[in-house]
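Residues per chain, in single letters:
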Amino acid sequence: MPERRGQGLRRALLAAGIAASMLALSACVSIPDSGPVNAGLSLSEDSSGSNVAFNPEGPERGATQQGILKGFIASFTSATGGYAISRQFLSQAFSTKWDPRQSVLVRSSAPQISQIDDTKLTYSFDTLGAVDGSGAYSQSSQSFTLPFSFVLEGGQWRINAAPDGIVLADQTFERIFRQYPVYFFAPDNRYLVPDIRWYASGTASTRIVTALLAGPPDWLKGAAFSRFPDGTKLSDASSVVTQVEGVAEVDLSKEALGASARDRQYMYLQLTESLRSVTSISQVSLSIQGTPVQIDDLGAAAPQVDMSVDSQALVLRKNEFGFSANNRVADLAGISSKVVALAPKDATLSSDQQEVAVLGSAGVSLVRKSGAPVLIDPRPDLIAPSLDEDGYLWSVPASAPNSIIVFDSNGTQHSISAKLQDGSQMVSLEVSREGARVVMLLSTPTGPRLMVAAILRNEKLEPTGLGPAILDVSLGNGVAVDATWVDQWTVGTLITADGESKVELFAIGGQKTSLSSLIPSRQIVGGNKGKDGLRVLGRDDSAIYTWGGSSWQSSKVAVDFIATQR
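Computed from a predicted model, the values in this text were never measured in an experiment. (Residues numbered from 1 in each chain as written. Predicted model: local features only at pLDDT ≥ 70, side-chain atom pairs only at ≥ 80, totals over all residues. Heavy atoms only, no water.)

Visitor: Looking at this structure, I do not really get the overall build of the protein. What am I missing?
Guide: When its secondary structure is counted, the protein shows eight helices and 39 strands. A separation of at least 24 residues holds for 55% of the contacts in the protein among residues at least 6 apart in sequence. When the accessible surface of the protein is totalled, it reaches about 23,300 Å², and 46% of it is carbon and sulfur. (Helix = DSSP H or I, 4+ residues; strand = E, 2+ residues; numbered from the N terminus. Contact = heavy atoms within 4.5 Å. Areas by Shrake-Rupley, 256 points an atom, 1.4 Å probe, with all protein chains shown as cover.)

Put into structure tokens, the structure is as follows:
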């Protein structure tokens with residue numbers, strides 16, 4: 001993936017949605033058309049957001065053009081009635097043409113209003129991000145100049161030409177818009193894969209269901225799937241209704257009749273898990289063309305939403321490999337002694353704890369409970385291997401980042417062309433727990449670089465390539481040390497600079513969060529409970545550090561390395 005490959009999906013969607021309306025009005029409007037996709041706003045611990053209510057007023061009689069424009073912008077805080085208050089500032093002919101859901105520009109600076117001529121004003125400001133029509137957030141540090149035209153109607157100024165979409169100050173955006181995971185299925189139907197969208201709280205339920213019915217976004221296509229039949233829509237744009245009892249009523253179009261009984265179960269699971277983050281909804285009622293649909297519980301066959309691992313650290317310590325607790329290491333029966341015999345430098349344990357991918361002195365080997373270890377990849381300069389939930393082992397040399405090879409259980413090779421920047425070195429590669437995405441940390445001639453992309457698979461679930469990067473971030477100065485999955489939608493990096501290490505968390509579709517610095521460290525491994533489950537290994541003291549809420553706490557226990565659990 002070349003440096004500019006990230007100008008693709010989210011920025012292209014943003015440009016397509018915003019530029020069509022804005023550039024048609026004025027050449028002054030600049031839409032970002034280059035650069036990688038970066039991180040945006042944060043996923044909060046609580047999806048309920050703020051309870052602050054905004055009650056903007058309609059236009060005052062006799063208001064000037066500037067007063068009308070200021071009132072129009074201020075009215076964006078209320079989406080009630082399809083932005084009914086905002087439409088009061090528009091001319092009768094234009095009020096039905098303006099589309100407020102085309103985009104949201106998140107303003108980071110004080111705006112400036114300029115008079116262009118007797119009937120035209122411009123509204124200028126800087127942004128830190130934008131949300132496209134599908135609810136996808138992307139960082140967009142740009143300067144915008146939006147044009148507005150005015151006309152007199154009944155002696156009152158009204159806006160008769162304006163860009164589609166709305167503008168909100170950053171703090172106001174965070175109070176009104178909230179993040180919602182929209183879930184799709186991994187190819188094997190065993191796991192759900194989240195894609196984060198940002199919606200105004202009052203419109204979230206309908207927009208979440210609409211997003212589900214539209215299918216996976218481009219960056220996830222080939223890696224995640226919807227179980228709604230093609231062409232399925234809401235029977236009516238307002239058919240998602242949250243009643244007093246907290247029931248969301250979802251009525252689908254006739255296309256949904258073609259779904260099998262199992263697919264209807266999957267459809268219902270997508271709906272319930274995706275709507276779970278809407279705090280006013282406690283239950284989902286599904287119907288097709290007005291006829292209620294009875295859905296049997298999937299029971300034990302239900303796909304997993306969030307995979308957890310053993311809460312204890314898996315470590316190598318003084319020639320012992322196993323789970324660390326009470327200053328002791330508990331062996332994994334049939335596995336630990338085989339791992340130790342390989343002179344391991346790093347390892348990854350499968351989710352069923354039946355096999356371990358080991359980076360040893362001879363290369364990458366696969367250790368199973370039964371049988372002898374098998375050398376899978378003898379190439380030199382290999383980094384720590386990764387496993388996925390479909391039984392594949394991922395391996396790549398640090399000095400050849402475009403030489404990723406995925407091995408199946410029989411040792412058959414599948415080459416993955418990542419098209420990474422020339423002169424880069426692969427520092428870390430880790431597949432997400434559901435197996436649909438991969439995080440890569442690179443050392444490049446311009447500094448550390450973090451990338452997240454979807455894993456493309458064929459009908460046999462064999463990995464065939466990587467999709468466009470949804471996260472592609474330059475990390476400034478410093479030395480790239482390690483990266484890990486923190487939770488379903490967050491990855492963490494470990495970078496060392498100026499005699500200390502720092503951990504930064506990147507929400508996929510959200511903001512970067514920096515944790516406090518710590519001593520120079522050499523490894524970071526994710527666990528459970530987000531950042532509270534992170535473990536960092538000190539470089540010099542070899543002690544495990546955990547996040548204590550506001551700072552890093554040392555366990556005082558030295559280990560050789562911390563293994564990754566899937």
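And the narrative resumes.
Visitor: What is the right way to read the pairing of strand S7 (residues 166-169) from this model?
Guide: The side chains of a regular strand alternate, residue by residue, between the two faces of the sheet. With burial as the criterion, each face of S7 is covered, one bearing Ile166 and Leu168 and the other bearing Val167 and Ala169. Sheet topology places strand S1 (residues 103-107) next to S7; four bridges connect them, and they run parallel. From the neighbouring strand, arginine 107 faces S7, where its bridge partner is alanine 169. (Buried < 20%, exposed > 50% of the residue type's maximum accessible area, 1.4 Å probe, protein only. Pairing = 2+ DSSP bridges.)

Visitor: I'm lost on unusual backbone geometry in this one. Help?
Guide: Excluding glycine, residues mostly have negative phi values, and the peptide bonds linking residues are mostly trans. Although it is not a glycine, asparagine 327 sits at a positive phi angle of roughly 65°. Unusually for a residue other than glycine, lysine 556 sits at a positive phi of about 65°. Among the secondary structure elements, lysine 556 is positioned in strand S37 (residues 552-558).

Visitor: Would you mind showing me how to read the packing of aromatic side chains here?
Guide: Two aromatic rings are characterised by how far apart their centres lie and by the angle between their planes. Tallied over the full model, the rule gives 16 aromatic pairs. Aromatic pair phenylalanine 185 and tyrosine 266: ring centres 4.9 Å apart, planes at 55°, arrangement tilted. In this pair, phenylalanine 185 sits in strand S8 (residues 177-185) while tyrosine 266 sits in helix H7 (residues 261-275), placing the two residues 81 residues apart along the sequence. Owing to a relative accessible area of 0%, phenylalanine 185 belongs among the buried residues under this scheme. (Phe/Tyr/Trp six-rings, centres within 6.5 Å; stacked < 30°, edge-to-face > 60°.)

Visitor: Quick question: what am I supposed to make of the sheet that holds strand S18 (residues 355-360) here?
Guide: Sheet strands associate in pairs through backbone hydrogen bonding, adopting either a parallel or an antiparallel arrangement. Strand order across the open sheet formed by five strands is S20-S19-S18-S17-S39, with mixed pairing between neighbours. Both outer strands of the open sheet, strand S20 (374-377) and strand S39 (564-565), are each paired with one neighbouring strand and no more.

Visitor: How do you make sense of helix H2 (residues 65-74) when you look at a structure like this?
Guide: Because each turn of an α-helix spans 3.6 residues, side chains separated by three or four positions end up pointing in the same direction. Residues Gln65, Ile68, Leu69, Gly71, Phe72 and Ile73 constitute the buried set of H2. Of the surrounding elements, those touching the buried residues of H2 are helix H3 (80-87), strand S2 (112-117), strand S3 (120-132), strand S5 (143-153), strand S6 (156-161) and S7.

Visitor: Would you explain the pairing of S18 in this entry?
Guide: Within S18, six of the six residues are buried, which leaves the element mostly enclosed by the surrounding structure. Residues Glu355, Ala357 and Leu359 line one face of S18 and the alternating positions Val356, Val358 and Gly360 line the opposite face, and both faces are buried. As defined by bridge partners, strand S17 (residues 346-349) adjoins S18 across four bridges and the pair is classed as antiparallel. The residue of S18 that forms the bridge with leucine 349 is valine 356. What sits between S17 and S18 in their antiparallel hairpin is a turn of five residues, with glutamine 353 showing a positive phi close to 60°. As paired elements, S18 and strand S19 (residues 363-368) share six bridges and run antiparallel to each other. Bridge assignment links valine 358 to a residue of S19, and that residue is serine 365.

Visitor: Please clarify how the confidence of the model for the protein should be interpreted in this entry.
Guide: Parts of the prediction with low pLDDT should not have their coordinates interpreted in detail. Mean pLDDT over the protein: 89, with 89% of residues reaching 70 or higher. In this model, residues 1-51 is a region of pLDDT below 50 whose contacts with residues beyond four sequence positions or in other chains number 146 contacts. (pLDDT = per-residue confidence, 0-100.)

Visitor: Quick question: what am I supposed to make of the environment of phenylalanine 321 here?
Guide: Secondary-structure assignment places phenylalanine 321 in strand S15 (residues 320-325). What makes phenylalanine 321 buried here is its relative accessible area of 1%. Considered as a pair, phenylalanine 321 and alanine 563 are 242 residues apart in the sequence and their alpha carbons are 9.2 Å apart.

Visitor: Hey, could you run me through the side chain of serine 274 in this one?
Guide: Relative to the assigned elements, serine 274 resides in helix H7. At 3.0 Å, the side chain of serine 274 forms a polar contact with the backbone nitrogen of tyrosine 183. For serine 274, the residues in contact, after removing those within four places along its chain, are Pro181, Val182, Tyr183, Ile208 and Leu212. (Polar contact = N/O pair within 3.5 Å; in protein donor to acceptor, adjacent residues only side chain to side chain.)

Visitor: Teacher, can you tell me more about the environment of proline 448 here?
Guide: In this fold, proline 448 is placed in strand S27 (residues 447-457). Owing to a relative accessible area of 2%, proline 448 belongs among the buried residues under this scheme. Here the alpha-carbon distance between proline 448 and glycine 478, two residues 30 residues apart in the chain, equals 7.0 Å. In this structure proline 448 touches Leu442, Val473, Ser474, Leu475, Gly476, Asn477, Gly478, Val479, Ala480 and Ile495, once residues within four positions along its chain are discounted.

Visitor: Would you explain the sheet that holds strand S38 (residues 561-562) in this entry?
Guide: The strand order across the open sheet formed by four strands is S16-S15-S14-S38, and the pairing between neighbours is antiparallel. Whereas interior strands pair on both sides, the edge strands pair on one side only; in this sheet they are strand S16 (328-331) and S38.

Visitor: Mind showing me how you'd approach the packing of helix H6 (residues 204-214) against H7 here?
Guide: Axis angle and axis distance: for two packed helices, these are the angle between their axes and the distance between the axes, and together they describe the pair. Taken N-terminus to C-terminus, the directions of H6 and H7 make an angle of 140°; their axes are 10 Å apart at the nearest point. Between H6 and H7, the interaxial angle falls into the category oblique. For H6 against H7, the interelement crossing comes out right-handed. Counting all contacts with H6, which are made through Ser205, Ile208, Val209 and Leu212, the residues of H7 involved are Gln270, Leu271, Ser274 and Leu275. (Axes fitted to C-alpha atoms, helices over the stretch in contact; angles between N-to-C directions. Parallel < 35°, antiparallel > 145°, perpendicular 65-115°, else oblique. Left-handed = near helix turned anticlockwise from the far one by under 90°.)

Visitor: I keep staring at the pattern of salt bridges and nothing clicks. Help me out?
Guide: Two side chains of opposite charge can pair, provided their charged atoms sit close to one another. By the definition in use, this model includes 15 salt bridges. Close ionic contact of glutamate 273 with arginine 276 constitutes a salt bridge, the shortest N to O distance being 2.9 Å. Connected through salt bridges with shared partners, the residues Asp188, Arg190, Asp388, Asp390 and Arg457 form a single ionic network. (Salt bridge = Lys/Arg side-chain N within 4 Å of Asp/Glu carboxyl O.)

Visitor: Would you take a moment to explain the nonpolar core for this structure?
Guide: Soluble, globular proteins show a tendency: their nonpolar side chains are buried together. Counting residues in hydrophobic clusters, the biggest one holds 53 residues, and the most contacted among them are Val250 and Leu252. Looking at this core, the element that brings in the most residues is H6, giving six residues. Beyond its immediate chain neighbours, meaning those up to four positions away, leucine 252 contacts Leu213, Phe228, Thr232, Lys233, Leu234, Ser235, Met267, Leu286, Ser287, Ile288 and Gln289. (Core = buried A, V, L, I, M, F, W, Y, C linked by side-chain atoms within 4.5 Å.)

Visitor: What should I look at first to understand the side chain of arginine 457 in this one?
Guide: With respect to the secondary-structure elements, arginine 457 resides in strand S27. Engagement of the side chain of arginine 457 in a polar contact is seen with the backbone oxygen of leucine 461, the distance being 3.0 Å. With sequence-adjacent residues up to four places away left out, arginine 457 is seen in contact with Pro187, Gly222, Asp388, Asp390, Tyr392, Gly435, Glu462, Pro463 and Thr464.

Visitor: Can you walk me through the environment of valine 247 in this structure?
Guide: Inspection of the secondary structure puts valine 247 in strand S11 (residues 247-252). Along the primary structure valine 247 and valine 284 are separated by 37 residues, whereas in three dimensions their C-alpha atoms are 5.5 Å apart.

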